[in-house]
Amino acid sequence: MTVEITGYSLSLEELARVARDGDEVRLDETARDAMARSRAVVEQVLAAGTPTYGVTTAVGVLKRVPLAGSEADAYARRMIRHHRVGQGPPAPRDVVRGTLLLQLNAFASGLPGVRPLVAERLVEVLNRDE
């Protein structure tokens, strides 16, 4: 059974089916459209250089530090590297699948401003059981 991801209607039962039973997922077209609209806002902010927390500025105590171009790219890479940690044994398959599904559902809401391509890649990862 395929679980349709809208960003708003994921049930606990659906989460368990995808995480534990390997059910496939599909990104709802309305969610894809919402993501594209919110991403367009992010692109406008970037083009205008409007100071926007975490988009055209650093984060946390550095929130007043402007970022642009290659400097912004380098900062984003550093942030990912600094937050990419792991301790102990690898997480169980169902935990990983459930976490990826929850992230996909959050992206599908359109609120984070990520490109639909990111959500589509998560769909592929889940459906291929990578």
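Reference entry: report on the structure contained in this document. (Residues numbered from 1 in each chain as written. Predicted model: local features only at pLDDT ≥ 70, side-chain atom pairs only at ≥ 80, totals over all residues. Heavy atoms only, no water.)

### Some words on the nonpolar core
Argument step 1. Ranked by internal contacts, the top residues of the largest apolar core, which has 18 residues, are Ile5, Val25, Leu27, Leu101 and Leu104.
Argument step 2. Going through the elements one at a time, β1 (3-5), α1 (12-21), β2 (25-27), α2 (29-48), α4 (93-108) and α5 (116-128) are the ones with two or more residues in this core.
Argument step 3. Look past the residues within four positions of Leu27 in its chain and what remains in contact with it is Ile5, Arg32, Met35, Leu104, Ala108, Ala119, Glu120 and Val123. (Core = buried A, V, L, I, M, F, W, Y, C linked by side-chain atoms within 4.5 Å. Buried < 20%, exposed > 50% of the residue type's maximum accessible area, 1.4 Å probe, protein only. Helix = DSSP H or I, 4+ residues; strand = E, 2+ residues; numbered from the N terminus. Contact = heavy atoms within 4.5 Å.)

### Regarding α5
A turn of α-helix holds 3.6 residues, and therefore any two residues three or four places apart point the same way.
Argument step 1. With 13 residues, α5 extends 18 Å between its outermost C-alpha atoms, agreeing within 8% with the 18 Å of an ideal straight helix rising 1.5 Å per residue.
Argument step 2. If you check which residues of α5 are buried, you get Pro116, Ala119, Leu122, Val123, Val125 and Leu126.
Argument step 3. Its buried side turned inward, α5 meets α1, β2, α2 and α4. (Expected span 1.5 Å × (residues − 1).)

### So, α1
Argument step 1. Inspection of α1 places Glu14, Leu15, Arg17, Val18 and Ala19 among the buried residues, and these make up the whole buried set.
Argument step 2. In the core, the buried residues of α1 are packed alongside β1, β2, α4 and α5.
Argument step 3. Directly after α1, the chain includes Gly22, whose backbone phi takes a positive value near 80°.

### Some thoughts on the pattern of salt bridges
Argument step 1. Within this structure, the stated rule accounts for twelve salt bridges.
Argument step 2. The salt bridge partner of Arg17 is Glu13, with a shortest N-O separation of 3.4 Å. Linking Arg17 with Glu13, this pair stays in helix α1, spanning four residues, or about one helical turn.
Argument step 3. For Arg17, a relative accessible area of 16% puts it in the buried group.
Argument step 4. Salt bridges sharing partners connect three or more residues here, namely Arg121, Glu124, Arg128 and Glu130. (Salt bridge = Lys/Arg side-chain N within 4 Å of Asp/Glu carboxyl O.)

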